[in-house]
Amino acid sequence: MAEVTAKLVKELRDMTGVGMMDAKRALVEVEGDIEKAVDLLREKGMAKAAKKNDRIAAEGLASVAINGNTAAIVEVNSETDFVSKNEMFQDLVKEIAEVIAANKPADMDAALQLETSKGKMEAVLIEATQVIGEKISFRRFEVVEKDDNAAFGGYLHMGGRIAVLTVLEGTTDETVAKDVAMHVAAINPRYVNEEQISQEELDHEKQVLTEQALNEGKPANIVEKMVEGRLKKFKAEIALVDQPFVKDPDMTVEKYVASKGATVKSFVRFEVGEGIEKREDNFVEEVMSQVKK
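Residues numbered from 1 in each chain as written. Predicted model: local features only at pLDDT ≥ 70, side-chain atom pairs only at ≥ 80, totals over all residues. Heavy atoms only, no water.

### A word on the side chain of lysine 146
Now for step 1: Take lysine 146: it is sitting in the loop between strand 5 (137–145) and strand 6 (150–157).
Now for step 2: With no salt bridge to any partner, buried lysine 146 finds its closest opposite charge in aspartate 148, at an N-O distance of 5.5 Å.
Now for step 3: A polar contact is formed between the side chain of lysine 146 and the backbone oxygen of alanine 150, at a distance of 3.2 Å. (Helix = DSSP H or I, 4+ residues; strand = E, 2+ residues; numbered from the N terminus. Buried < 20%, exposed > 50% of the residue type's maximum accessible area, 1.4 Å probe, protein only. Lys, Arg positive; Asp, Glu negative; His and termini not counted. Salt bridge = Lys/Arg side-chain N within 4 Å of Asp/Glu carboxyl O. Polar contact = N/O pair within 3.5 Å; in protein donor to acceptor, adjacent residues only side chain to side chain.)

### Regarding unusual backbone geometry
Now for step 1: Positive phi is not limited to glycine here, since glutamate 31 has a value of about 60 degrees.
Now for step 2: Mapped onto the elements of the fold, glutamate 31 is located in the loop between helix 2 (20–29) and helix 3 (34–43).
Now for step 3: Phi is positive for methionine 158, which is not a glycine, with a value near 55 degrees.
Now for step 4: On the secondary structure map, methionine 158 appears in the loop between strand 6 and strand 7 (162–169).

### A word on the sheet that holds strand 7
Now for step 1: Spatially, the three strands line up as an open sheet ordered 6-7-10, and their pairing is antiparallel. Each having just a single partner strand, strand 6 and strand 10 (263–271) make up the two edges of the open sheet. The mean angle between the axes of side-by-side strands here comes to 15 degrees, regardless of whether they run parallel or antiparallel.
Now for step 2: In the sheet, strand 6 pairs with strand 7 via eight bridges, with the strands oriented antiparallel. From the neighbouring strand, histidine 157 faces strand 7, where its bridge partner is isoleucine 162. (Pairing = 2+ DSSP bridges. Axes fitted to C-alpha atoms, helices over the stretch in contact; angles between N-to-C directions.)

### A few points about the pairing of strand 1 (residues 59–67)
Now for step 1: Strand 1 sits mainly inside the fold: seven of its nine residues count as buried.
Now for step 2: Relative to strand 2 (residues 70–78), strand 1 runs antiparallel, the two sharing nine bridges. Looking at strand 2, one finds that asparagine 67 is bridged to threonine 70.
Now for step 3: The hairpin turn running from strand 1 into strand 2, its antiparallel successor, is two residues long, and glycine 68 in that turn takes a positive phi close to 65 degrees.

### What about the environment of phenylalanine 152?
Now for step 1: By the element assignment, phenylalanine 152 lies in strand 6.
Now for step 2: Measuring from C-alpha to C-alpha, the distance between phenylalanine 152 and isoleucine 66 comes to 7.7 Å, with 86 residues separating the pair along the chain.

### Details of the sheet that holds strand 5
Two orientations exist for strands paired in a sheet by backbone hydrogen bonds: parallel and antiparallel.
Now for step 1: Strand order across the open sheet formed by three strands is 1-2-5, with antiparallel pairing between neighbours. Edge strands, defined here as strands with exactly one partner in the open sheet, are strand 1 and strand 5. Strand after strand, the sheet turns through a mean of 15 degrees between neighbouring axes, direction not considered.

### Details of the nonpolar core
Now for step 1: The biggest cluster of nonpolar side chains holds 25 residues, and the ones touching the most others in it are Ile96, Ile100, Ile136 and Phe138.
Now for step 2: By residue number, the principal contributor to this core is helix 4 (residues 87–103), which donates eight residues.
Now for step 3: Discounting chain neighbours no more than four positions away, the residues touching phenylalanine 138 are Val74, Glu75, Val76, Ile96, Ile100, Met108, Ala111, Leu112, Met121 and Leu125.
Now for step 4: With 21 residues, the next largest nonpolar core counts Val176, Val180, Ala181 and Leu240 among its residues. (Core = buried A, V, L, I, M, F, W, Y, C linked by side-chain atoms within 4.5 Å. Contact = heavy atoms within 4.5 Å.)

Rendered as structure tokens:
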């Protein structure tokens, strides 16, 4: 049986919002498997779906650059949040996005060999690390292309803590595309529409919702209808076009873009540090270790 550590309990609490003892009991019951513990707590109606990559770890900025029918979205990381306020770093991130959009590299290795206004990108990042005094790393990028009868929407939230790039077909109005990008930044959908949701994910969610309804003591003959309704709500929550539009909750995103003669083709959303484990410093232990020396 896997050891249920305090760190594991804290991680489950952060993911689900349940109390310490409830988290510990769930982990003990599933022998330390945190994913199964999340499902168990949800089945008992004690937790909502966990957002696995919500824990913002690294610092830095993301940016978007548009170059004709090509656009790029990038993320560049630093060690502390102070660096994101550094003008040199801000200019570096902006130029990296512009260089990526102009050259469309196939992968990170190719991207690092591209020329910037101050030399090869790889060398520029090393120089920035030396000048700023923190490790500066170009973490990821994505290049997106569109047709002439389409629009890019680029949006930066909090100066680049979140960056979004959308593509709308059927319109060249970048304002509409930017409105959708702002919605994506705020609501964080996972898919454009429900057709993109895998059957495996739907089956898993249906199983959890079924157990949840049965544990609520609902009669078996109405559980199926309840699950069907909740599954529909689940799909609407994670699919962009079915979500209430942030600027006008009386209509969905799909209806909003349709009123402009458009459809949503794609979106990319980068949130700085998502999915990166952040080192946790214990201040008390650090002080005590110094005292003992």
